[in-house]
Amino acid sequence: MRTQVAIIGAGPAGLLLGQLLARAGIDNIIVEQRSPEYVLGRIRAGILESVTVDALKRAGVAARLHEEGLVHDGIEIAFNGRRHRIDLHALVGRSVTVYGQTEVTRDLMDARRAAGTTTIYEAEDVSLHDFDSARPLVRYRKDGMVREIQCDYIAGCDGFHGVSRQSVPQDAMRIFERVYPFGWLGLLSETPPVADELVYASHERGFALCSMRSRHRSRYYLQVASSERAEDWSDERFWQELRSRLDPQTASALVTGPSIEKSIAPLRSFVCEPMRFGQLFLAGDAAHIVPPTGAKGLNLAASDVLALAEGFEGHYRHADGSGLDGYSARCLRRVWKAERFSWWMTSLLHRFPDADAFSSRMQQAELDYLVGSEAASRALAENYVGLPY
Ligand code: FAS
Ligand code: PHB
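Since this is a predicted model, take the numbers as computed values, not measurements. (Residues numbered from 1 in each chain as written. Chains lettered and ligands numbered in written order. Predicted model: local features only at pLDDT ≥ 70, side-chain atom pairs only at ≥ 80, totals over all residues. Heavy atoms only, no water.)

Focus: the overall build of the protein
For the record, the criterion: The numbering of helices and of strands both runs from the N terminus, where a helix is a DSSP run of H or I of at least 4 residues and a strand a run of E of at least 2. For this measure, only C-alpha atoms enter the radius of gyration; the expected value for a globule follows 2.2 Å times N^0.38, where N is the number of residues. The contact criterion used throughout is that any non-hydrogen atoms of two residues lie within 4.5 Å. The method behind every accessible area is Shrake-Rupley, applied with a 1.4 Å probe, and residues are considered shielded solely by the protein chains displayed. When charges are counted, Lys and Arg are positive and Asp and Glu negative, with His and the chain ends excluded. All charge positions are set by atom: Lys at NZ, Arg at CZ, Asp at CG, Glu at CD.
Counting its regular elements, the protein contains 14 helices and 20 strands. In terms of overall size, the protein behaves like a compact globule, its C-alpha atoms giving a radius of gyration of 21 Å where 389 residues would be expected to give roughly 21 Å. Along the three orthogonal principal directions, the C-alpha set of the protein runs to about 60 × 40 × 40 Å. Within the protein, residue pairs in contact and separated by at least 24 positions form 71% of the contacts whose partners lie at least 6 positions apart. When the accessible area of the protein is evaluated, it comes to approximately 16,700 Å², of which 49% is carbon and sulfur surface. Counting 45 positive and 50 negative side-chain charges, the protein places the averaged centre of each group 1 Å from the other.

Here is the structure:
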């Protein structure tokens, strides 16, 4: 097979890139190691920045998002038994949209299927070759046969554990990483959300987050030690621990029910520099990871893909290589600011096992300052809704 751009990974980054390229008349093939059902079964992000909403509009897949997405003008920060609302829209004139990553992925999959663009699911032993030449190659095994895709470029959209970044020689990249000593135990339930907007709770027992997917489906998270396993957390134990970390107003409004999904996500900050290696471009989690506290992971993937699609369009339609040449530097400027914000929010709201009394007072003072200063709240708001793309 031959194509212009071979995309590795059919998560949100790969599917969004494929859709934007197809609409620009740029031929592409996606190679995905899992089945569509498996990809849809992963429960992840829930908050879309306006940049991401615009990207999905440009990709022609925002109809259901407009119908079902919930626009939120604020978030709440709870500590010392009280909730404090950060009025995003009043502070920076913008909002966020609650619409699960699963739904984004489903909409992109449906659009790709309708367009008849090629996606190879359950591809085994995917490998990348000669991306330091003008004739890169993707090889994979399907139905017992080894197949090849010749292409002009490869887009590595295969997430943190994917093959793309691992195909790059170690001495060609610089890695920056911070692994946090805790994870997030997430629970999805068909229960009404505990509040109209998200509640980020800082408590001496640990961080908790009350989020949602719709007005009848809730998503909750608890900070847990890295050694914890989801199977050790019964629904009852989860609900009891969540209630113990919430302020009285929120705890009294909590409606519990059976979990639909329960899983633990590790927390890390990670950046690979640069994001281009010859004819290979990394986008999304393949290039960077943020702790989910700032709701940036999926949104960074979308802004990478927007920049990459613009670069390919400039190259193929206007013989202008500047977008591709500037891709890595442009994305990393936005990535590092999102890394800072996600690290800051994680440091502010979580309990660190090695924190001393001074660190705890610093957290308390930062929280008091945040909710008591319009300037501090505005700084959080402009980062949370998404810095300019
Ligand atoms: P993805 O990891 O979503 O997709 C990569 C795709 O590549 C996958 O389908 C994978 O199967 C495929 N792949 C991997 N290796 C391959 C190979 N060798 N060959 C072919 N295909 C391969 N973000 C938030 O904002 N909020 C959250 O609450 C949140 N929770 C998360 C929980 C978990 C457990 C994880 C891992 C991430 C979470 N994230 C969250 C971040 C998440 O939403 C990512 O930012 C988002 O999925 C990024 O999308 P992609 O870059 O497409 O990577
Ligand atoms: C989610 O709903 O999954 C979610 C929302 C906000 C975050 C992280 C995750 O900061």
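Observations concerning empty space enclosed by the protein
To be explicit about the condition: In this analysis, the protein atoms alone were mapped onto a 1 Å grid. Cavities are point sets where a 1.4 Å probe fits without being able to get out; pockets are open sets with protein on both sides within 12 Å along at least five of seven lines; lining residues have an atom within 4 Å of a point. Grid points are joined across faces, edges and corners, and a volume is the space filled by probe spheres set on the points. For this scheme, ten residues count as nonpolar: Ala, Val, Leu, Ile, Met, Phe, Trp, Tyr, Cys and Pro. Four count as charged, namely Asp, Glu, Lys and Arg, and the remainder, Gly too, count as polar.
Counted according to the given criterion, the structure contains 3 cavities of 30 Å³ or more. Of the volumes computed, that of the largest cavity is approximately 80 Å³. The wall of the largest cavity is formed by Glu49, Lys296, Asn299, Leu300, Arg334, Lys337, Ala338, Phe341, Asn383, Gly386 and Leu387. Of all the elements in the fold, those that place two or more residues in the lining of the largest cavity are helix H10 (297-318) and helix H12 (327-349). The dominant element in the lining of the largest cavity, judged by the number of residues it contributes, is H12, at 4 residues. The residue inventory of the lining of the largest cavity, partitioned by class, reads 4 nonpolar, 3 polar and 4 charged. Each pocket or cavity is described by its volume, and for the second largest cavity that value is around 60 Å³. Around the second largest cavity, the lining residues are Pro12, Ala13, Leu16, Leu48, Thr52, Leu56, Val104, Leu108, Leu298, Ala301 and Ala302. Those elements giving two or more residues to the lining of the second largest cavity turn out to be helix H1 (12-23), helix H3 (50-58), helix H6 (101-115) and H10.

What about the pattern of salt bridges?
For the record, the criterion: By definition here, a salt bridge exists when the distance from a side-chain nitrogen of Lys or Arg to a carboxyl oxygen of Asp or Glu is within 4 Å. Residue burial is assigned from relative accessible area. The probe radius is 1.4 Å, only protein chains are included, and a residue is buried under 20% of its type maximum, exposed over 50%, and partly exposed in between.
Applying the stated criterion to the full structure yields 29 salt bridges. We note a salt bridge from arginine 229 to aspartate 232, for which the minimum N-O separation is 3.1 Å. In this structure, glutamate 310 and arginine 330 form a salt bridge, with 3.0 Å as the shortest nitrogen-oxygen distance. You can see glutamate 310 sitting in helix H10 and its partner arginine 330 sitting in helix H12, a full 20 residues away along the chain. Exposure remark for glutamate 310: the relative accessible area of 29% places this residue in the partly exposed category. In this structure, a network of salt bridges that share partners links the residues Arg64, Glu68, Glu103, Arg106 and Asp107.

Side note on the sheet that holds strand E1 (residues 5-8)
Under the convention used in this document: When DSSP finds at least two bridges between two strands, those strands are taken to pair.
If you walk across this open sheet you meet the 6 strands as E8-E2-E1-E12-E19-E18, and the pairing is mixed. In this open sheet, the two edge strands, each paired with only one partner strand, are strand E8 (119-120) and strand E18 (276-277). Across 2 bridges, the pairing between E18 and strand E19 (residues 280-282) is antiparallel. Residue pairing in the sheet places phenylalanine 277 in a bridge with leucine 280 of E19.

Comments concerning the site of ligand 1
As a reminder, the rule being used: By convention in these notes, a residue is near a molecule or strand provided one of its non-hydrogen atoms lies within 4 Å of it. Here a polar contact is recorded for every N or O atom pair within 3.5 Å, except that within protein the pair must consist of a potential hydrogen donor and a potential acceptor, and residues adjacent in sequence are included only if both atoms are side-chain atoms.
Taken together, 29 residues form the shell around ligand 1, and within it Glu32, Arg42, Arg44, Gln101 and Asp285 come nearest. Glutamine 33 is positioned such that a nitrogen or oxygen atom in its backbone is 3.2 Å from a nitrogen atom of ligand 1. In this structure, arginine 44 approaches ligand 1 through a side-chain N or O atom, which is 2.7 Å from an oxygen atom. Compared with its free state, where it exposes 980 Å², ligand 1 has 86% of that area covered by protein. The set of elements that each furnish at least two residues to the shell around ligand 1 consists of H1 and H10. Taken together, the residues that form the shell around ligand 1 break down as 14 nonpolar, 8 polar and 7 charged.

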